[in-house]
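Take a look at the letters that make up each chain.
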Amino acid sequence: MTIALLAECPKHMEYGPCGGVELDGSCEVSPARCVFLDLPTVRWHGIERSVEPRAVDPVPEPVASAGAMRMRALLAIRPVLVADFPARALDAASIAECAGILSGRVDAVLAGDAGAARLQFPPSYRAHLIQSAGLAVWAGVNCRDRNRVALEGELAGLAHVGVAGVHCVTGDHTDTGSRPDAAPVFDLDSTETAALAHSAGHLVSVGESPATPPVERRPARLLETMRAGAEVCFVNHAGGAAPVADFIDAAQQLGAAQQLDAAQELGAAMMFIACVPIVIDHESAALLRTFTALVLPEGYLDRILAARDPFTEGISAAVELGREMLQIHGVRGIDLSGGAAPGREAWFSEALARISDELGTS
Ligand code: SF4
């Protein structure tokens, strides 16, 4: 059966396709074909405005935060170890507990959107809570829940908190996940938000999914986010080290390894952080399976879940895959990616810390 074409993108993306295209080319929120699959890669041409602002808001001069400067310095000298932050949403005690476990054992935590908990503290407040515990934050901001003015406010707040980085995602549609009652915003998309975050002085990252259609054009799309202002790409789960290496190689051949030209004024090569899936029990495996366009190395889950001690086996599997990822030319760090079952956040944090300990000494 031929899959119909959508009339328009449900996320109103300018720089699509998003990372939610299904492996058969259908849209994240519809059985119809993603509208971007049959279009050429959209070149960076600025932030779309249907109406010009009436007045220019008094935005502070963009200054790289202390956190961004520290992270750039680290990236320049050694691979960085980042971990998804597993604390319970809206629970300051859980945030403090998990931050206490991870502080000093990873270089930063990626505190971003979570399919299991759409309702979160605002990014800048969550970053403040985590950084108060001495742990650097790579803050996720999504375009689903806030318009451009709200995004600009969050980016200003995150600059004031002094986060290590800002990870820009368009976000899963509200028709997926736990809150279909909420109106989806999608005023901007991740590429446009990357430009805003760059203008606010942040170290900016985006995600890219090498295994998600259109596979052959994902590297070209990444380059357009680089032109918008992204400096770091978190490479999503693509089935192991080989497909990640192929993706990075293709992006570098297209230009990600070179400095951009003077008109684009960014002057830095794209840095890659490879995601490593973290599974330590059946619940964390179930949560990982909810990730959009997930492709894991063959046998990865079976190996862990069939083990007598999945916690220890999960740590070993992640360390092995992490070492492989760190061997890839262009990889400047890894992100320990996954989430915990309710009530197991501290235990999951301890697993992340042990994996990081082992990788840091290898
Ligand atoms: S898959 Fe994503 S980019 Fe494509 S039409 Fe659907 S929402 Fe838009």
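First, a word on what this report is: a plain description of the structure on this page. The shown structure was predicted, so the numbers you read here are calculated from the model rather than taken from an experiment.

Reading guide: rules and limits
Residues numbered from 1 in each chain as written. Predicted model: local features only at pLDDT ≥ 70, side-chain atom pairs only at ≥ 80, totals over all residues. Heavy atoms only, no water. 1 Å grid on protein atoms, 1.4 Å probe; cavity = no way out; pocket = protein on both sides within 12 Å on 5 of 7 lines; lining within 4 Å. Points joined across faces, edges and corners; volume = space filled by probe spheres on them. Nonpolar A, V, L, I, M, F, W, Y, C, P; charged D, E, K, R; others polar. Phe/Tyr/Trp six-rings, centres within 6.5 Å; stacked < 30°, edge-to-face > 60°. Helix = DSSP H or I, 4+ residues; strand = E, 2+ residues; numbered from the N terminus. Buried < 20%, exposed > 50% of the residue type's maximum accessible area, 1.4 Å probe, protein only. Near = heavy atom within 4 Å. Sits in = over half its atoms within 2 Å of the grid points. Expected span 1.5 Å × (residues − 1). Arc of directions from axis to C-beta. Contact = heavy atoms within 4.5 Å. Pairing = 2+ DSSP bridges. Right-handed = clockwise from strand over helix to strand, strands pointing away. Salt bridge = Lys/Arg side-chain N within 4 Å of Asp/Glu carboxyl O. Axes fitted to C-alpha atoms, helices over the stretch in contact; angles between N-to-C directions. Parallel < 35°, antiparallel > 145°, perpendicular 65-115°, else oblique. Left-handed = near helix turned anticlockwise from the far one by under 90°.

**Considerations on empty space enclosed by the protein**
And then number 1: Applying the stated criterion across every chain, the model contains four cavities of 30 Å³ or more.
And then number 2: Along the wall of the largest cavity there are 13 residues; nearest its centre are Cys9, Pro10, Cys18, Cys27 and Cys34.
And then number 3: For the lining of the largest cavity, the residue count by class is eleven nonpolar, no polar and two charged.

**Brief notes about the packing of aromatic side chains**
And then number 1: Under the definition given, this model contains five aromatic pairs.
And then number 2: Between tyrosine 15 and tryptophan 44, the ring centres sit 5.0 Å apart and the planes meet at 35 degrees, which makes this aromatic pair tilted. Residue tyrosine 15 is found in the segment before helix H1 (66–77), and its partner tryptophan 44 is found in the segment before H1; the two are separated by 29 residues along the sequence.
And then number 3: A residue is classified by how much of its surface remains accessible, and tyrosine 15, at 2% relative accessible area, is buried.
And then number 4: Between phenylalanine 311 and tryptophan 347, the ring centres sit 4.7 Å apart and the planes meet at 25 degrees, which makes this aromatic pair stacked. With phenylalanine 311 in helix H10 (residues 310–326) and tryptophan 347 in helix H11 (residues 345–360), the pair connects residues that are 36 residues apart, well separated along the chain.

**Let's talk about the site of the ligand**
And then number 1: Around the ligand lies a shell of 13 residues, among which Cys9, Pro17, Cys18, Cys27 and Cys34 are the nearest.
And then number 2: Here the ligand is seated within the largest cavity.
And then number 3: Of the residues assigned to the shell around the ligand, the class counts are eleven nonpolar, no polar and two charged.

**Remarks on H1**
And then number 1: Spanning twelve residues, H1 covers 17 Å between terminal C-alpha atoms, matching the ideal 16 Å at 1.5 Å per step.
And then number 2: Of the positions making up H1, those classed as buried are Gly67, Ala68, Met71, Leu74 and Leu75. Angular distribution of buried residues about the axis of H1 spans 125 degrees; they occupy a single face of the element. Every exposed residue of H1 that faces more than 90 degrees away from the buried side is listed here: Arg70, Ala76 and Ile77.
And then number 3: Buried-residue contacts for H1 involve strand E1 (80–84), strand E2 (108–111), strand E3 (137–142), strand E6 (232–235), strand E7 (271–277) and strand E8 (331–337).

**Some points on the layout of surface pockets**
And then number 1: Its boundaries defined by the atoms lining it, the second largest pocket holds a volume of some 710 Å³.
And then number 2: Considering the residues around the second largest pocket, the lining is formed by 23 residues, among which Asp57, Val59, Glu152, Gly153 and Leu196 are closest to the centre.
And then number 3: Top contributing element to the lining of the second largest pocket by residue count: helix H4 (residues 148–161), with eight residues.
And then number 4: Each residue belonging to the lining of the second largest pocket can be placed in one class, and the counts come to 14 nonpolar, three polar and six charged.

**Examining the pairing of E3**
And then number 1: Most of E3 sits out of view: six of its six residues are buried.
And then number 2: Residues of E3 alternate between two faces, with Val137, Ala139 and Val141 on one and Trp138, Gly140 and Asn142 on the opposite face, all of them buried.
And then number 3: Relative to E3, E2 is paired through three bridges, and the arrangement is parallel. The partner of leucine 110 across the bridge, within E3, is tryptophan 138.
And then number 4: In this region the chain leaves E2, passes through helix H3 (residues 123–132) and returns to the parallel neighbour E3; the handedness of that crossover is right-handed.

**Looking at the environment of proline 62**
And then number 1: Positionally, proline 62 belongs in the segment before H1.
And then number 2: Overall, proline 62 belongs to the partly exposed group, its relative accessible area being 46%.
And then number 3: Here the alpha-carbon distance between proline 62 and alanine 200, two residues 138 residues apart in the chain, equals 4.8 Å.

**Some points on the pattern of salt bridges**
If charged atoms from side chains of opposite charge come close, those side chains can pair.
And then number 1: In total, this model carries 22 salt bridges according to the counting rule given.
And then number 2: Two residues, arginine 144 and aspartate 145, come together in a salt bridge whose shortest N-O distance is 2.9 Å.
And then number 3: Classification of aspartate 145 as partly exposed rests on a relative accessible area of 36%.
And then number 4: Counted as one network, the salt bridges with shared partners bring together Arg105, Glu350, Arg354 and Asp357.

**Here we look at the packing of helix H5 (residues 190–199) against helix H6 (residues 218–228)**
Relative placement of two packed helices is described by the angle separating their axes and the distance separating the axes.
And then number 1: Between H5 and H6, whose axes approach to 8 Å, the crossing angle comes to 30 degrees. Considered as vectors, H5 and H6 are oriented roughly parallel to each other. Seen along the crossing, H5 lies across H6 with a hand that is right-handed. Residues Ser190, Thr191, Ala194, Ala195 and His198 of H5 form the contact with H6, whose own contacting residues are Arg221, Glu224, Thr225 and Ala228.

**Quick notes on the environment of glycine 165**
And then number 1: With respect to the helices and strands, glycine 165 occurs in strand E4 (residues 165–169).
And then number 2: A residue is classified by how much of its surface remains accessible, and glycine 165, at 0% relative accessible area, is buried.
And then number 3: For the pair glycine 165 and serine 205, spaced 40 residues apart in the sequence, the C-alpha separation amounts to 7.1 Å.
And then number 4: If near-sequence neighbours (up to four positions away) are discounted, glycine 165 is found in contact with Val137, Trp138, Ala139 and Leu203.

**Looking at the sheet that holds strand E5 (residues 204–208)**
And then number 1: The sheet built from eight strands closes into a barrel, its strands ordered E1-E2-E3-E4-E5-E6-E7-E8 with parallel pairing. The average angle at which neighbouring strand axes cross in this sheet is 25 degrees, direction not considered.
And then number 2: Of the strand pairs in this sheet, E1 and E2 are connected by three bridges, and their pairing is parallel. For aspartate 84, the partnering residue across the bridge sits in E2 and is leucine 110.

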